[in-house]
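# Commentary on secondary and tertiary structure
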Amino acid sequence: MSTPCVAAIHDMSGFGRCSLTVAIPVLSAMGVQCCPLPTAFLSTHTGGFENFTFLDMTDEMPKVAAHWKSLGLRFQAVYSGFLGSERQIGIVEDFIRDFRTPDSVVVVDPVMGDHGDVYQTYTPAMCAGMARLAEQADVITPNLTEAALLLGIPYDALPAGEDGCREIVERLSLGGRRSVVLTGASTAPHLTGAMCFDAASGRTEAVQTRRVDREFHGTGDVFASVLTGALVHGRSLAEAAGQAVEFIRACAERTAAEGLPLREGVDFEPLLGFLTGGAS
């Protein structure tokens, strides 16, 4: 059986663990070939750094897609994240249409903001376009901020608690047509994780683990990458989310113990063995 391939449409940030510098090693550790399609190159990610460089890759993306199409490449998943311009949204929509198959899964991480704030490189038009792109997904992985943006409601108006998280994912499911994994969802003060709506089963369930009392950059990218790898290997949505939640917790505990600065992300590299089955 050949190694499954994932087309990962993300930015590449030279420093600060996020996007492609997370997706490539995580998917590789899970036995998946990661084929990166960069949306931008940044010297660092945008959280906690100033004066970062930003190279827009919009013009290159259709050329890459056209070459891959001419080669007859097939992907078991298309996985998109941070986009660098409004025009890229249409490019990714075209990519999904060209490379989607009956057996593939399209995962859209609708990266737009966090903690109630929109990222500084995102415009209202880009947020509207991201919502349109997410309509093509089989699975979306918003955090609470992105859920509010997709629903078109103020962040402070999101329903709260476990019942509120269930309402959010069910409202985001487009009437049960797409799966939703809400990250940063908590059912109790000492717990955190995800709330999942599985379009295949119609079930909504919480996946929780103990909370690490610190904030970390890049955890959404780690989560969505593990989730995608697990889905490609045939895990159910709840199983995939559970693997991602537990891996994030292990990374968070290690990073907190080391006292690493927030902007450096989670120290996941020494723990990649947990994803290969080679560590216990």
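Refer to the structure above for everything that follows.
Report on the accompanying structure. Because the structure is predicted, anything quoted here is derived from the model rather than measured. (Residues numbered from 1 in each chain as written. Predicted model: local features only at pLDDT ≥ 70, side-chain atom pairs only at ≥ 80, totals over all residues. Heavy atoms only, no water.)

## Thoughts on helix H2 (residues 61–70)
Here is the rule we go by: Burial status follows relative accessibility: with a 1.4 Å probe on protein chains alone, a residue under 20% of its type maximum counts as buried, one over 50% as exposed, and anything between as partly exposed. Strands here are runs of E lasting at least two residues and helices are runs of H or I lasting at least four, both read from the DSSP assignment and numbered beginning at the N terminus. Think of it as the arc spanned by the lines of direction from the helix axis to the C-beta atoms. Contact between two residues is taken to exist if any of their heavy atoms lie within 4.5 Å; hydrogens are not considered.
Those residues of H2 not exposed but buried are Met61, Ala65 and Trp68. Projected onto a plane normal to the axis of H2, the buried residues spread over an arc of 65° and lie on a single side. Opposite the packed face of H2, turned more than 90 degrees from it, sit the exposed residues Lys63 and Ser70. In this structure, the buried side of H2 is in contact with strand S1 (5–15), strand S2 (33–44) and helix H3 (86–99). Taken from the residues just after H2, glycine 72 is the one with a positive phi, measuring 70°.

## Focus on the sheet that holds S1
Stated formally: When DSSP locates at least two bridges between a pair of strands, those strands are taken to pair. Axes, fitted as lines to C-alpha atoms, cover a helix only where it is in contact. Angles between the N-to-C directions of the axes lie from 0 to 180 degrees.
What the nine strands build is an open sheet, ordered S3-S2-S1-S4-S5-S8-S9-S10-S11; its pairing is mixed. The sheet terminates laterally at strand S3 (54–56) and strand S11 (203–210), the two strands that pair on one side only. Here S1 pairs with strand S4 (residues 77–80) via four bridges, running parallel. Within the sheet, the bridge partner assigned to alanine 7 lies in S4 and is valine 78. Against the sheet, helix H7 (residues 219–232) makes contact with S1, S4, strand S5 (105–108), strand S8 (139–140), strand S9 (179–185) and strand S10 (191–198), and its axis sits at roughly 170° relative to S4, the strand it touches most.

## A closer look at the layout of surface pockets
Using the following cut-off: Method remark: on a 1 Å grid restricted to protein atoms, a set of points is classed as a cavity if a 1.4 Å probe fits but cannot get out and as a pocket if it is open with protein on both sides within 12 Å along at least five of seven lines; lining residues have an atom within 4 Å of a point. Grid points are joined across faces, edges and corners, and a volume is the space filled by probe spheres set on the points. Residue polarity is assigned by list, with Asp, Glu, Lys and Arg as charged and Ala, Val, Leu, Ile, Met, Phe, Trp, Tyr, Cys and Pro as nonpolar; anything else, Gly included, falls into the polar class.
The computed volume of the largest pocket comes to approximately 1,300 Å³. If you trace the largest pocket, you find 48 residues lining it, with Asp114, Glu215, Phe216, Thr219 and Gly220 closest to the centre. A class-by-class count of the residues in the lining of the largest pocket yields 15 nonpolar, 20 polar and 13 charged. The computed volume of the second largest pocket comes to approximately 210 Å³. Residue lining of the second largest pocket: 13 residues in total, with Asp138, Val139, Ser179, Asp198 and Ala200 positioned closest to the centre. When the residues that make up the lining of the second largest pocket are grouped by side-chain class, the tally is six nonpolar, two polar and five charged.

## Comments concerning the packing of helix H1 (residues 20–29) against H7
Put simply, the rule reads: Crossing handedness: left-handed means the near helix sits turned counterclockwise from the far one by under a right angle, and right-handed means the same turn made clockwise.
Axis separation between H1 and H7 bottoms out at 9 Å; the angle between their running directions is 30°. Taken as a pair, H1 and H7 cross one another with a handedness that is right-handed. For the pair H1 and H7, the contacting residues are Val22, Ala23, Val26 and Leu27 in the first and Asp221, Val222, Ser225, Val226 and Gly229 in the second. A per-class count over the contact of H1 with H7 returns six nonpolar, two polar and one charged.

## Details of the nonpolar core
Going by this rule: Definition used in this section: a nonpolar core is a set of buried Ala, Val, Leu, Ile, Met, Phe, Trp, Tyr and Cys residues joined via side-chain atoms within 4.5 Å.
Formed by 45 residues in total, the largest nonpolar core has its most connected members in Val181, Phe223 and Phe247. Of all the elements, helix H8 (residues 237–258) adds the most residues to this core, at ten residues. For phenylalanine 247, the contacting residues outside a window of four places in its chain are Val222, Val226, Phe268, Leu271, Leu272, Phe274 and Leu275. Judged by nonpolar contacts, the second largest core, of 44 residues, contains Cys35, Ile89, Met130 and Ala147.

## Things to note about helix H4 (residues 124–134)
Buried within H4 we find Met126, Cys127, Gly129, Met130, Leu133 and Ala134. All buried residues of H4 fall inside an arc of 160° around its axis, so they share one side. Opposite the buried face of H4, at more than 90 degrees from it, the exposed residues are Pro124 and Ala128. Packed against the buried residues of H4 are S4, H3, S5, strand S7 (117–118), S8 and helix H5 (144–151).

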